[in-house]
Amino acid sequence: MIAASPRLLSGWSAAGPIQLSAHLREHGPLPLSGLDTAAGGRRWIAEVAASGLRGRGGAGFPTGRKLQAVVGEHRRPVVVANGCEGDPGSSKDAALLAVAPHLVLDGLIATAVATRASRVVLCTHDRAPGLRSVRAALSQRRDPLRIELAGLPPRYVASAESSLVNFLNTGRAVPTSGGTRAYERGVDGRPTLVCNVETFAHLALLSRHGGRWFRERGTADSPGTTLVTVSGAVAAAGVYETDFGTTIGDLAALAGGPTGPIRAVLVGGYAGSWLPATIAECLPFTHADLGAAGASLGIAALDFLPVERSGLRTTARMLRYLADESAGQCGPCRFGLPAIADDFARLTRGVPAAHTPLHRRLQTLTRRGACAHPDGAVRLAASALSTFADEIPATHSARGDAVGRARVPNGGRR
Ligand code: SF4
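Note that the structure is a prediction, hence the values are computed from the model and not measured.

Novice: Provide a residue-level description of unusual backbone geometry, including the pertinent values.
Specialist: Here the phi dihedral of Arg-116 falls at roughly 55°; this positive angle occurs in a residue that is not glycine. Along the polypeptide, Arg-116 turns up in the loop between helix H5 (101-115) and strand S3 (119-125). In this structure Arg-116 comes out as partly exposed when scored by relative accessible area, which is 35%. Even without being glycine, Ala-300 reaches a positive phi, approximately 60°. Turning to its location among the elements, Ala-300 is positioned in the loop between helix H11 (287-292) and strand S10 (301-306).

Novice: Describe the site of the ligand, with residues and values.
Specialist: Taken together, the neighbourhood of the ligand is formed by Val-157, Pro-175, Ala-327, Gly-328, Gln-329, Cys-330, Cys-333, Gly-369, Ala-370, Cys-371, His-373 and Pro-374. Using a 2 Å cut-off from the grid points, one finds that the ligand occupies the largest cavity. A per-class count over the shell around the ligand returns eight nonpolar, four polar and no charged.

Novice: Which residues make up the packing of aromatic side chains, and what are the values?
Specialist: Considering all chains together, one arrives at three aromatic pairs under this definition. An angle of 85° between the planes, with centres 6.1 Å apart, marks the rings of Tyr-156 and Tyr-321 as edge-to-face. Taken together, the residues Tyr-156 in the loop between strand S4 (147-152) and helix H7 (161-170) and Tyr-321 in helix H12 (residues 311-325) connect sequence positions 165 residues apart. Seen from their ring centres, Trp-274 and Phe-388 are 5.2 Å apart, and the 70° between their planes marks the pair as edge-to-face. One end of the pair, Trp-274, is in strand S9 (residues 273-276); the other, Phe-388, is in the loop between helix H15 (373-387) and helix H16 (396-405), with 114 residues separating them in the sequence. What makes Phe-388 buried here is its relative accessible area of 0%. By the ring-pair criterion, three or more aromatic residues cluster together here, those being Tyr-156, Tyr-270 and Tyr-321.

Novice: Tell me what's going on with empty space enclosed by the protein, and back it up with residues and numbers.
Specialist: Scanning all chains against the criterion turns up four cavities of 30 Å³ or more. Space inside the largest cavity adds up to approximately 90 Å³. What lines the largest cavity is a set of 13 residues, among which Ala-327, Gln-329, Cys-330, Cys-333 and Cys-371 lie closest to the centre. In terms of residue class, the lining of the largest cavity is built from eight nonpolar, five polar and no charged.

Scoring rules and cut-offs
Residues numbered from 1 in each chain as written. Predicted model: local features only at pLDDT ≥ 70, side-chain atom pairs only at ≥ 80, totals over all residues. Heavy atoms only, no water. Helix = DSSP H or I, 4+ residues; strand = E, 2+ residues; numbered from the N terminus. Buried < 20%, exposed > 50% of the residue type's maximum accessible area, 1.4 Å probe, protein only. Near = heavy atom within 4 Å. 1 Å grid on protein atoms, 1.4 Å probe; cavity = no way out; pocket = protein on both sides within 12 Å on 5 of 7 lines; lining within 4 Å. Sits in = over half its atoms within 2 Å of the grid points. Nonpolar A, V, L, I, M, F, W, Y, C, P; charged D, E, K, R; others polar. Phe/Tyr/Trp six-rings, centres within 6.5 Å; stacked < 30°, edge-to-face > 60°. Points joined across faces, edges and corners; volume = space filled by probe spheres on them.

What is shown is where atoms sit, not what they do.
Take a look at the structure:
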């Protein structure tokens, strides 16, 4: 892992996780004085809102607004850190927990004190490599609140917010429907704040340095630095920390540069979007710029596809994975995702007749699941049809159809 002017990864060494003494030398103590009063908590939340920090788990929701939604005079929320990272395209959360667990724990503690939380939980997959670092870090600390650790099964949908809440309430790590949002009624029936572990690490630094410092890096729309998982045809795939606003081409250079000509870039993981390399290369890595290009930042993952690889075949494998990983509770996941994966497989075998039913399914599946899992698969499939239109074994009219109508709206990942 290499970091350019890092904040989260400063002090990182290849020797292993940063120890508490080194963490304190690098960042100083966590200032908690006055944070446990109603006025102190409100001030802290206002500072977070002013910083412009957005969640790092996929949806990019403003963290200040999430905090405001769970606090109140007679409310004792539950605070949950999501380090489950179910997407195979992402390893940033595992890397962060493995090398800088104290920053994540600091952010959890500051948040819990400022919101007067009744319970604090850090969730990871039960076989996550960072779990050992977190356990070791917890044993070195004397925190004012106990942080529980919860290990969820390593499934894709287990990392959805409602899966975490469901798991902590019932032991079942699958998404739930029903319209009640976690911030209203979540774990133990309490308002529940669920944020990505990287978000908590930024909160740890914000607590020390304030919102103005946070905004010194990045852009107005996407302030601060971000961890990015870079994979595919680059010389040094890995997790990098960079300022928002860095172009995707410069991110490839940070990862050692492309190993050859690049055809397309998958932005945002398995629920993300393909962009042609010619468009992606100069695109600043921000919420606004990616949104304007028809993609979304998602889990901050970039996968560089070389020209010699088939985009349709690569996407067909990913769609099969997403179909297999669904919880199988709702129609779109039980029937729709396997059908889309089948259609794609037929397209890769040169069957033009697969195109028409595939197009119909992509139109009808959007926003039909109890969670956003099918939407992610639809977004991936639609972007592949558009970006890899030259691979589609179609008549002229079918190919035009793919280019003209395949784009679907982007949205929060899960
Ligand atoms: S849409 Fe799919 S993943 Fe989401 S709750 Fe329904 S079956 Fe589960």
